[in-house]
Amino acid sequence: MNDFFQENKKVAKVIHEVADLANYLWQKGWAERNAGNISVNLSDIIEDVDLDLDNYPKFELAQPYPALGNKFFFVTGTGKRMRDLAQNPMKNACIIKLNKKADSYHIISMKKRNLYNFRPTSELPTHLLVHNQLVESGSTKRAVVHTHPNELVAMTQIPKFQNAETLNKTLWGMHPEAFVFVPRGVFMVPYILPGSHKIADATVVGFEQGHEVVIWEKHGAFAIGDTVSDAFDMIDILSKSARIWFMAKQSGFEPEGLNEEQLLELKDAFLK
Ligand code: 13P
Ligand code: ZN
């Protein structure tokens with residue numbers, strides 16, 4: 001089955017994009033050890049594959065994801081390094097297919113001998129819940145990216161930025177593109193245990209409300225996009241704003257930020 005997916009040009013393209021992104025995340029310094037995880041809904045591009053799921057190892061899910069029955073996902077593995085994923089995506093990530101009831105999944109891309117030390121990311125509950133919401137809402141977004149962007153995480157260590165309103169206003173004010181490309185701003189999730197269903201439930205609320213980026217306090221960012229590059233861009237733009245804020249502070253100045261009038265001018269020019 002591994003060969004089939006690599007020979008399917010559309011799937012191969014997605015896998016290539018994920019590998020490139022894994023490299024960027026590593027280069028950015030956002031992917032220490034196994035930090036971060038990525039998933040892409042492949043169902044639009046491989047829906048006609050006829051598989052006997054009994055031939056592939058099955059794993060139960062703690063809850064069903066009603067919109068994801070029979071869907072395929074490319075998902076990074078738990079404990080895997082982004083820098084290794086960039087070199088060898090099929091060993092450090094896998095393709096899963098959910099069963100019809102969407103309460104279990106099968107790993108369909110990996111040779112049995114490689115499975116003994118491979119499981120999908122520990123953040124699978126959040127990835128699946130977010131994909132479930134995207135499919136249910138008819139979104140065109142197929143990619144979900146979680147990473148640990150240094151400056152954004154650092155901002156969430158500062159109590160006044162643990163509030164989305166203050167954080168968004170500051171990020172928008174640091175650079176016009178932050179406002180133009182992320183006009184809904186981020187949704188903030190207070191610190192919750194990583195890998196838990198609780199953090200998944202809190203995160204999906206942000207995407208239900210129309211945000212494209214959710215910030216996990218003192219941990220990282222989760223973003224959605226049509227492609228993994230689109231999701232990455234959202235985090236990258238906001239990280240640049242956060243970096244500018246710290247640079248101004250470090251040089252001894254309180255960053256001025258764009259004022260209300262300037263933000264309104266951007267809104268009129270670009271967001272109509
Ligand atoms: P995984 O290695 O399980 O994907 O976890 C990395 C991470 O960033 C957890 O939040
Ligand atoms: Zn993380």
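Residues numbered from 1 in each chain as written. Chains lettered and ligands numbered in written order. Predicted model: local features only at pLDDT ≥ 70, side-chain atom pairs only at ≥ 80, totals over all residues. Heavy atoms only, no water.

## Here's the deal with the coordination of the zinc ion (ligand 2)
(1) Moving on: Each protein donor to the zinc ion (ligand 2) is listed here as His146 (NE2), His148 (NE2) and His219 (NE2); together their distances run 2.1 Å.
(2) Moving on: Each donor residue of the zinc ion (ligand 2) belongs to the same chain, with the gaps between them written as H-x1-H-x70-H. Taken as a pair, His148 in the loop between strand E6 (143–147) and helix H7 (150–155) and His219 in the loop between strand E8 (213–216) and strand E9 (220–225) lie far apart in primary sequence, 71 residues in all. (Donors = N, O, S within 2.8 Å, 3.2 Å for Na, K, Ca; no water. Helix = DSSP H or I, 4+ residues; strand = E, 2+ residues; numbered from the N terminus.)

## As for helix H10 (residues 197–208)
(1) Moving on: Relative to the 16 Å expected for 12 residues at 1.5 Å per residue, H10 spans 16 Å between its end C-alpha atoms, a close match to the ideal helical length.
(2) Moving on: The secondary structure elements touched by the buried residues of H10 are helix H6 (124–136), strand E7 (186–189), E8 and E9.
(3) Moving on: Looking one or two residues past H10, Gly210 carries a phi angle of roughly 95 degrees, positive in sign. (Expected span 1.5 Å × (residues − 1). Contact = heavy atoms within 4.5 Å.)

## Observations concerning empty space enclosed by the protein
(1) Moving on: Applying the stated criterion across every chain yields a total of one cavity of 30 Å³ or more.
(2) Moving on: Within this model, the largest cavity holds a volume of roughly 30 Å³.
(3) Moving on: Taken together, Asn34, Gly36, Thr76, Gly77, Lys80, Arg81, Met82, Leu85 and Asn92 make up the full set of residues lining the largest cavity.
(4) Moving on: Among the residues forming the lining of the largest cavity, the class breakdown is two nonpolar, five polar and two charged. (1 Å grid on protein atoms, 1.4 Å probe; cavity = no way out; pocket = protein on both sides within 12 Å on 5 of 7 lines; lining within 4 Å. Points joined across faces, edges and corners; volume = space filled by probe spheres on them. Nonpolar A, V, L, I, M, F, W, Y, C, P; charged D, E, K, R; others polar.)

## Focus: unusual backbone geometry
(1) Moving on: Non-glycine residue Arg33 carries a positive phi angle of around 40 degrees.
(2) Moving on: Tracing the backbone shows Arg33 in the loop between helix H2 (9–28) and strand E1 (37–41).
(3) Moving on: Judged by its relative accessible area of 59%, Arg33 is exposed.
(4) Moving on: Positive phi, close to 60 degrees, is recorded for Lys218, a residue that is not glycine.
(5) Moving on: Among the structural elements, Lys218 can be located in the loop between E8 and E9. (Buried < 20%, exposed > 50% of the residue type's maximum accessible area, 1.4 Å probe, protein only.)

## A word on the packing of H2 against helix H11 (residues 228–250)
(1) Moving on: Closest axis-to-axis distance for the H2/H11 pair is 10 Å, and the angle between their directions is 15 degrees. When the axis of H2 is compared with that of H11, the two are roughly parallel. Crossing hand, H2 versus H11: left-handed. Seen from H2, the contacting residues are Glu17, Val18, Leu21, Tyr24, Leu25 and Lys28; seen from H11, they are Val228, Phe232, Asp236 and Arg243. (Axes fitted to C-alpha atoms, helices over the stretch in contact; angles between N-to-C directions. Parallel < 35°, antiparallel > 145°, perpendicular 65-115°, else oblique. Left-handed = near helix turned anticlockwise from the far one by under 90°.)

## Points about the pattern of salt bridges
(1) Moving on: Taken as a whole, this structure holds 11 salt bridges when the rule is applied.
(2) Moving on: Here Lys101 makes a salt bridge to Asp103, at a shortest N to O gap of 3.9 Å.
(3) Moving on: On the basis of relative accessibility, which here comes to 62%, the residue Lys101 falls in the exposed class.
(4) Moving on: Residue Lys218 is joined to Glu217 by a salt bridge in which the shortest nitrogen-to-oxygen separation is 2.7 Å.
(5) Moving on: Given the relative accessible area of 36%, Lys218 is considered partly exposed. (Salt bridge = Lys/Arg side-chain N within 4 Å of Asp/Glu carboxyl O.)

## A closer look at the sheet that holds E1
(1) Moving on: Read across the open sheet, the nine strands follow the order E2-E5-E4-E3-E1-E6-E9-E8-E7; overall the sheet is mixed. Only two strands of the sheet have a single neighbouring strand rather than two, namely strand E2 (58–60) and E7. In this sheet, neighbouring strand axes are inclined to one another by 20 degrees on average, regardless of whether the strands run parallel or antiparallel.
(2) Moving on: As paired strands, E1 and E6 are joined by four bridges and run antiparallel to one another. Across the sheet, the residue bridging to Ser39 is Val144, located in E6.
(3) Moving on: The strands that H6 touches are E1, strand E3 (72–76), strand E4 (93–98), strand E5 (104–107), E6, E8 and E9; relative to E1, the one it contacts most, it runs at about 30 degrees.
(4) Moving on: Each of E1, E6, E7, E8 and E9 touches H11; the most contacted strand, E9, lies at about 135 degrees to it. (Pairing = 2+ DSSP bridges.)

## Examining the packing of aromatic side chains
(1) Moving on: What the rule picks out here adds up to seven aromatic pairs.
(2) Moving on: Measuring from ring centre to ring centre gives 5.3 Å for Phe59 and Tyr105, while their planes differ by 25 degrees; the resulting arrangement is stacked. Residue Phe59 is located in strand E2, and its partner Tyr105 is located in strand E5; the two are separated by 46 residues in the primary sequence.
(3) Moving on: Phe59 sits in the buried class, given a relative accessible area of 17%.
(4) Moving on: Taking the relative accessible area as the measure of exposure, Tyr105 reaches 6% and is therefore buried. (Phe/Tyr/Trp six-rings, centres within 6.5 Å; stacked < 30°, edge-to-face > 60°.)

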